[in-house]
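Residues per chain, in single letters:
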Amino acid sequence: MNPSSCLISYFFWYLYVCSLFFNFFAFASSIERKNYIIHVQPPDDFDTEVYHRSFLPVYHTTESELEEPQHLIYSYSEVFSGFAARLSEEELNAVKKKDGFLHVYPDQYVPLATTHSPDFLGLHTGGGSWPRSGLGRGVIIGMLDTGILPSHASFTDDGLPPPPKRWKGICEFKTGGCNNKIIGARAFGSAVINITAPPIDDAGHGTHTASTAAGNFVGDASYKGNANGTAAGMAPHAHLAIYKVCTRGRCSIVDVLAGLDAAVRDRVDVLSFSLGLSSGPFQYDPIAMATFKAMEKGIFVSCAAGNGGPEIGSVSNEFPWVLTVAAGTMDRSIRATVKLGNGKELDGESLFQPANSGPVSYPLVYPASNMAANPDCENFEGFDIHGKIALCMSSGLSGRVDIGSSVLGFGGTGMILMNSKPEGYTTFADAHVLPASHVSYSAGAAILSYINSTTNPTATLVFKGTVMDSSPSRTIAFFSSRGPSKATPGILKPDITGPGMNILAAWAPTLMHPFDQGFNIVSGTSMATPHLSGIAALIKSVHPNWSPAAIKSAIMTTSDNVDRTGQPIKDEQYQKASFFAMGAGHVNPSRAVDPGLVYDLGVNDYISYLCGLGDGEAAVSAVVHRSVNCSLVGSIKEAELNYPAIVIDPRSGPVTVNRTVTNVGLAKSRYAAVVYMPKEIKVIVRPRILHFSNVNQKMSFAVTVSSRGNLGNAGAEGSLMWVSSSHVVRSPIVIPAST
């Protein structure tokens, strides 16, 4: 063959091979692939990632064997037996046929569920749990959120020691970023945008929650001059480990699971998880499985109850091995008062506090066809609002500032935002774009009545800035998700309430607000959760050997079920709050570090509880990551789990449950049982006196609950208290309403 013929042959051979590659990748790119979490049997003495890759498809051409790139997103090793992969339907079906396959979970996106709050919670540098705990010194809090702004003053490492020797994490900031406060930072964004960005906060949320949990002291903190004071997290000298699992505000379960996996591997002590996950059977919930593994390794997990309230049964993250946190109010208001033309004054809130707002009265308009209809505050068709104050209806958790933008765009001078009836008395301090006041449903109804009583209604907006000791405090926010749990109704959820309304904390510039800096005021169970994460760190610092269940018990049994005036904590309607709204009560960190007694639980207790749910051994094995024989480990009913709350139904006859407490207070101590319950319910505690002679001594007792008459469909609530000369250990007793 002559050289020219060889060149021609090689050329056509080259084109042929190139066409194979081109056709392969063109075919591959045309296939629709989705993200999945694949649950598989744990490997036996085999490299985990190699084992996981063995489930993935391998492609063949007539000339070569090619593995499709980017199938494997994450290989989980610590909290979940499985991996995340991007697969077509055909490829997924092939994976399902492999030996060792257990289950598949489609990826889903979950929503993202302070200067005064330390003082409000009784945390002071001069005494109490702060100095006793060293401000959380030596404890590592892992934050699963939107990242962090490391340059913020809240994250300086003044006064902090180096990370503990057990720390195994890494820092992915390209230059600087990590110090003795932020000891590690990683980003997990492959499932959202197919690239991993730095762990810089691109939404503000993660910076806010991290500084709430463990921000260092920052003087003269405020938002546009409001809520001024010294900002600090709950555990100012705890370390922070950042796991960015949300990109541009989107949180993929695939990435969340990867963050959990890394946090456990890195050896954090506390995990803070401000994401609202939907309720469902635990054996089909990768987060239930992952948090179980974290608990098994001694990590305390704090989760948001969700922002689905006030709907009954809306609580999320209801696994009994995590702390589920509800959101409450504080005693601080950013006051904006509405003064009506008839002289009546109604208090509301707003972060828009103009410095030169004189007592000028403006016409007041309700842009609706009639007083019974909701106002149209989007286009104001048929209404002239120029130079007037418009009364509009709140849009709930979001969009409130947008309503004001619409009012301003149509020439309005001001806005009064009134709550709907379900929102009750929960009002937000928002950075409105015009003079505004957010008022309660009751105040809004009074304003409507006034408008309807006169032909020329007028109003004045009076801005009073930050007002302390507003009453009532410690109410439950309307949006805070409620129990009972759908997945496990025999366990009280939420567990506890923390401050979650109008919380001032560190903030980061975002794409929507690139010039925001310093601090911001935000609300949600997302804000309540890091308060409890920081408080758990304080307890862990004082009691490093306590289990997650012991820490949770200390938080729940020392909580307050009354407000600052001694009245029962109220809900958003100013009615007595149910335990299904507030959990055991509002957290009291000063007492939580010294609870006297704790209701402790171990891994085997939770396994017996899971066996008692009746979902089968396969379901239990899926949650706990190993084969379980329920006949060997035993099974218990939900009410028999040694939980620091009792949920029970005596309608069919007396019910007895057993509990065991561990003495963590004075070695020689005597506790007497005191029961508060409605007269229709009879409660017998045996024995009624517990005598302890040693620290860590355990004693058991039985609680029998019966109805004195026909309870009907109504529920009932009360408390069992163990009282000594130095401690009060309170546990809720709840009889749910019958549906």
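Keep in mind the model is a prediction, meaning the values are calculated, not measured.

> Is there a simple way to explain the pattern of salt bridges in this structure?
A side chain of one charge can pair with a side chain of the opposite charge if their charged atoms are brought near each other. Applying the stated criterion across every chain yields a total of 18 salt bridges. With its nearest N and O atoms 2.6 Å apart, the salt bridge here joins glutamate 91 to arginine 33. One end of the pair, glutamate 91, is in helix α3 (residues 89-96); the other, arginine 33, is in the loop between α1 (3-30) and β1 (34-40), and 58 residues separate them in sequence. Residue glutamate 91 is classed as buried on the basis of its relative accessible area, which comes to 4%. You can call arginine 33 buried: its relative accessible area is 18%. Here aspartate 202 and lysine 244 are joined by a salt bridge, their closest N and O atoms 3.3 Å apart. Taken as a pair, aspartate 202 in the loop between α6 (190-193) and α7 (205-214) and lysine 244 in strand β12 (residues 239-244) lie far apart in primary sequence, 42 residues in all.

> Just to check I follow, could you spell out the packing of helix α8 (residues 253-266) against helix α9 (residues 286-296) for this structure?
Relative orientation and spacing of two packed helices are given, respectively, by the angle between their axes and the distance between those axes. Where α8 contacts α9, the axes come no closer than 10 Å and their chain directions differ by 5 degrees. Classed by the angle they form, the pair α8 and α9 counts as roughly parallel. Touching Ile253, Val256, Leu257, Leu260 and Val264 of α8 are Pro286, Ile287, Ala290 and Ala294, all from α9. Tallied by class, residues from the contact of α8 with α9 come to 9 nonpolar, no polar and no charged.

> What am I meant to see in the sheet that holds strand β31 (residues 669-676) here?
Hydrogen bonds between backbone groups are what pair the strands of a sheet, and the pairing can be parallel or antiparallel. Strand order in the open sheet formed by 5 strands is β29-β36-β35-β31-β33, with mixed pairing between adjacent strands. Edge strands, defined here as strands with exactly one partner in the open sheet, are β29 (646-647) and β33 (689-692). Direction of pairing for strand β35 (residues 716-723) relative to strand β36 (residues 728-735): antiparallel, over a ladder of 8 bridges. Of the residues in β36, the one forming a bridge with glycine 718 is isoleucine 733.

> When you look at the sheet that holds strand β14 (residues 250-252) in this model, what are you seeing that I'm missing?
One open sheet accounts for 3 strands, arranged β7-β14-β13; its pairing is antiparallel. The two strands at the open ends of the sheet, each matched to only one other strand, are β7 (109-110) and β13 (246-247). Along the sheet face, α8 touches β7 and β14 and points at about 70 degrees away from the line of β14.

> Any chance you could explain empty space enclosed by the protein here in plain terms?
A probe as big as a water molecule, rolled over the atoms, marks out the empty space that is left. As a volume, the largest cavity reaches approximately 40 Å³. Together, Met295, Phe300, Val301, Trp321, Val322, Leu323, Pro548, Ala549, Lys552 and Tyr606 line the largest cavity. Counting only elements with at least two residues in the lining of the largest cavity, the list comes to β16 (300-304) and α13 (548-557). Looking at which element gives the most residues to the lining of the largest cavity, the answer is α13, with 3 residues. Class assignment of the residues belonging to the lining of the largest cavity gives a composition of 9 nonpolar, no polar and 1 charged.

> Whenever I open this one, the pairing of strand β9 (residues 182-187) confuses me. Can you help?
In summary, the side chains of a regular strand alternate between the two faces of the sheet. For β9, the tally of buried residues reaches 6 of 6 residues, placing the bulk of the element in the interior. Where β9 and β12 come together, 5 bridges link them in parallel fashion. Residue pairing for β12: isoleucine 182 is matched across the bridge by leucine 240.

> What should I look at first to understand the packing of aromatic side chains in this one?
Aromatic rings in a pair are described by how distant their centres are and how their planes are angled relative to each other. Here the structure, examined in full by the defined rule, presents 19 aromatic pairs. Relative to phenylalanine 319, the ring of phenylalanine 282 lies with its centre 5.6 Å away and its plane at 80 degrees, an arrangement referred to as edge-to-face. In this pair, phenylalanine 282 is assigned in the loop between β15 (270-273) and α9 and phenylalanine 319 in the loop between β16 and β17 (323-328), connecting sequence segments 37 residues apart. Neither residue differs from the other here; phenylalanine 282 and phenylalanine 319 are each classed as buried. With a centroid separation of 6.0 Å and 25 degrees between ring planes, the pair formed by phenylalanine 428 and phenylalanine 479 is classed as stacked. Here phenylalanine 479 lies in the loop between β24 (458-468) and β25 (496-499) and phenylalanine 428 lies in the loop between β22 (414-418) and β23 (436-439), a separation of 51 residues in the sequence. Of the two residues, phenylalanine 428 and phenylalanine 479, neither departs from the other in class, the shared state being buried. These aromatic residues form a ring-pair network of at least three members: Tyr74, Tyr76, Phe80, Tyr105 and Phe188. Lying over the aromatic face of phenylalanine 428, arginine 400 brings its terminal NZ or CZ to 3.7 Å of the ring centre.

Cut-offs used in this document
Residues numbered from 1 in each chain as written. Predicted model: local features only at pLDDT ≥ 70, side-chain atom pairs only at ≥ 80, totals over all residues. Heavy atoms only, no water. Salt bridge = Lys/Arg side-chain N within 4 Å of Asp/Glu carboxyl O. Helix = DSSP H or I, 4+ residues; strand = E, 2+ residues; numbered from the N terminus. Buried < 20%, exposed > 50% of the residue type's maximum accessible area, 1.4 Å probe, protein only. Axes fitted to C-alpha atoms, helices over the stretch in contact; angles between N-to-C directions. Parallel < 35°, antiparallel > 145°, perpendicular 65-115°, else oblique. Contact = heavy atoms within 4.5 Å. Nonpolar A, V, L, I, M, F, W, Y, C, P; charged D, E, K, R; others polar. Pairing = 2+ DSSP bridges. 1 Å grid on protein atoms, 1.4 Å probe; cavity = no way out; pocket = protein on both sides within 12 Å on 5 of 7 lines; lining within 4 Å. Points joined across faces, edges and corners; volume = space filled by probe spheres on them. Phe/Tyr/Trp six-rings, centres within 6.5 Å; stacked < 30°, edge-to-face > 60°. Lys NZ or Arg CZ within 6 Å of the ring centre and 35° of its normal.

Any functional reading would require information beyond the geometric quantities listed.
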